[in-house]
Amino acid sequence: MRFKPSCFSKLLFGIASLTLLLNSANALDSGYVEAIKSDVEEFTTHEFHPPAESSWLSNKDSSSAQLADLQGFSDYIRTKSPGSYIFYKKLSNDYKSKLHQEYLSTGDLDRVKKDIFNYTREMKRNSRISNHNR
């Protein structure tokens with residue numbers, strides 16, 4: 001004989017689960033909750049804004065904290081890939097911001113280095129076109 005859950009037992013299970021979930025949420029570290037909110041916001045706005053003074057982020061001296069802003073990212077590129085930085089520093093701020101956001105999303109420095117060269121070519125091509133149209 002198989003037991004079939006009734007609507008009442010499903011409702012009771014749902015209420016019990018919700019109660020446990022709410023009680024465990026109250027026990028979570030607020031820094032963790034803020035970090036999760038920042039992650040969710042990043043997916044909706046495509047920008048990451050780390051919560052201030054979060055215990056879940058690295059300290060400000062670490063390379064991951066350094067990457068939170070564009071200047072820190074630029075310094076990171078200069079340190080990790082000096083050859084790419086020669087081209088990176090000549091890019092417009094729009095391209096630099098795109099690269100920064102891409103790195104924050106993927107963490108793939110090799111892809112960013114390839115895109116530095118792609119953006120450099122694109123800027124040169126756009127410059128030639130605008131000079132030709134004058």
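Here is a short report on the structure shown in this document. (Residues numbered from 1 in each chain as written. Predicted model: local features only at pLDDT ≥ 70, side-chain atom pairs only at ≥ 80, totals over all residues. Heavy atoms only, no water.)

1. A word on the overall build of the protein chain
Put simply, the test is: Helix and strand assignments follow DSSP, with helices taken as H or I runs no shorter than four residues and strands as E runs no shorter than two, numbered in order from the N terminus. A 1.4 Å probe rolled over the protein chains alone gives each residue an accessible area, and that area as a share of the maximum for its type sets the label: buried under 20%, exposed over 50%, partly exposed in between. By the convention used here, residues are in contact when the closest approach between their heavy atoms is within 4.5 Å. Each accessible area value is a Shrake-Rupley result obtained with a 1.4 Å probe; residue values ignore everything except the protein chains displayed when judging cover.
Scanning the protein chain from terminus to terminus reveals seven helices and zero strands. Each helix (α) and strand (β) of the protein chain, taken in turn from the N terminus, gives the series α-α-α-α-α-α-α. The burial tally for the protein chain puts 22% of its 134 residues in the buried class. Counting contacts in the protein chain only where the partners sit at least 6 residues apart, residues at least 24 apart contribute 49% of the total. Here the protein chain displays about 10,300 Å² of accessible surface, and carbon together with sulfur accounts for 57% of that area.

2. Some remarks on the packing of helix α4 (residues 70–80) against helix α7 (residues 109–132)
How two helices sit against one another is set out by the angle between their axes and by the gap between those axes. In plain terms, the rule: All axes here are fitted lines through C-alpha atoms, helices being fitted over the stretch that makes contact, and every angle between N-to-C directions spans 0 to 180 degrees. Just so you know how the angles are binned, under 35 degrees is roughly parallel, over 145 roughly antiparallel, 65 to 115 roughly perpendicular, and the rest oblique. Only Asp, Glu, Lys and Arg are considered charged in this grouping, and only Ala, Val, Leu, Ile, Met, Phe, Trp, Tyr, Cys and Pro are considered nonpolar; every other residue, Gly among them, is considered polar.
Where α4 meets α7, the axes come as close as 12 Å, and the angle between the chain directions of the two elements is 95°. Between α4 and α7, the crossing angle belongs to the class labelled roughly perpendicular. In this structure, α4 contributes Phe-73, Tyr-76, Ile-77 and Lys-80 to the contact, and α7 contributes Leu-109, Val-112 and Ile-116. Per-class residue counts for the contact of α4 with α7 are six nonpolar, no polar and one charged.

3. Considerations on the nonpolar core
Nonpolar side chains tend to gather and get buried jointly when the protein is soluble and globular. What counts here: What we call a nonpolar core is a set of buried Ala, Val, Leu, Ile, Met, Phe, Trp, Tyr and Cys residues that are connected through their side-chain atoms within 4.5 Å.
Phe-73, Ile-77, Tyr-88 and Leu-99 are the most contacted members of the largest nonpolar core, which totals 14 residues. With four residues, α7 is the largest single contributor of residues to this core. Apart from the residues within four sequence positions on either side, Ile-77 is in contact with Pro-82, Tyr-85, Tyr-88, Leu-109, Val-112 and Ile-116.

4. A short note on the pattern of salt bridges
Condition: When a carboxyl oxygen of Asp or Glu lies within 4 Å of a side-chain nitrogen of Lys or Arg, that pair is called a salt bridge.
Per the stated rule, a full pass over the model turns up three salt bridges. With its nearest N and O atoms 3.1 Å apart, the salt bridge here joins Glu-102 to Arg-111. The salt bridge involving Lys-113 is made with Asp-110; its shortest N-O contact spans 3.8 Å. Note that Lys-113 and Asp-110 are positioned in helix α7 at a spacing of three residues, about one turn of the helix. Taking relative accessible area as the criterion, Lys-113 reaches 23% and is therefore assigned partly exposed.

5. Here's the deal with helix α6 (residues 93–106)
Test applied: Helix span, expected: 1.5 Å multiplied by one less than the number of residues in the helix. Directions drawn from the helix axis to the C-beta atoms are what define this arc.
Counted at 1.5 Å a residue, the expected span for α6 with its 14 residues is 20 Å, and the 20 Å between its end C-alpha atoms agrees. The complete set of buried residues in α6 reads Tyr-95, Lys-96, Leu-99, His-100, Glu-102 and Tyr-103. The buried residues of α6 all sit within an arc of 165° when viewed along its axis, so they share a single face. Every exposed residue of α6 that faces more than 90 degrees away from the buried side is listed here: Asn-93, Asp-94 and Ser-105. Where the residues of α6 are buried, they touch α4, α5 (82–88) and α7. At the exit of α6 stands Gly-107, carrying a positive phi of roughly 70°.

6. Regarding the environment of Gln-101
Position of Gln-101 relative to the elements: it lies in helix α6. Along the chain, Gln-101 and Val-112 lie 11 residues apart, while their C-alpha atoms are 9.9 Å from each other.

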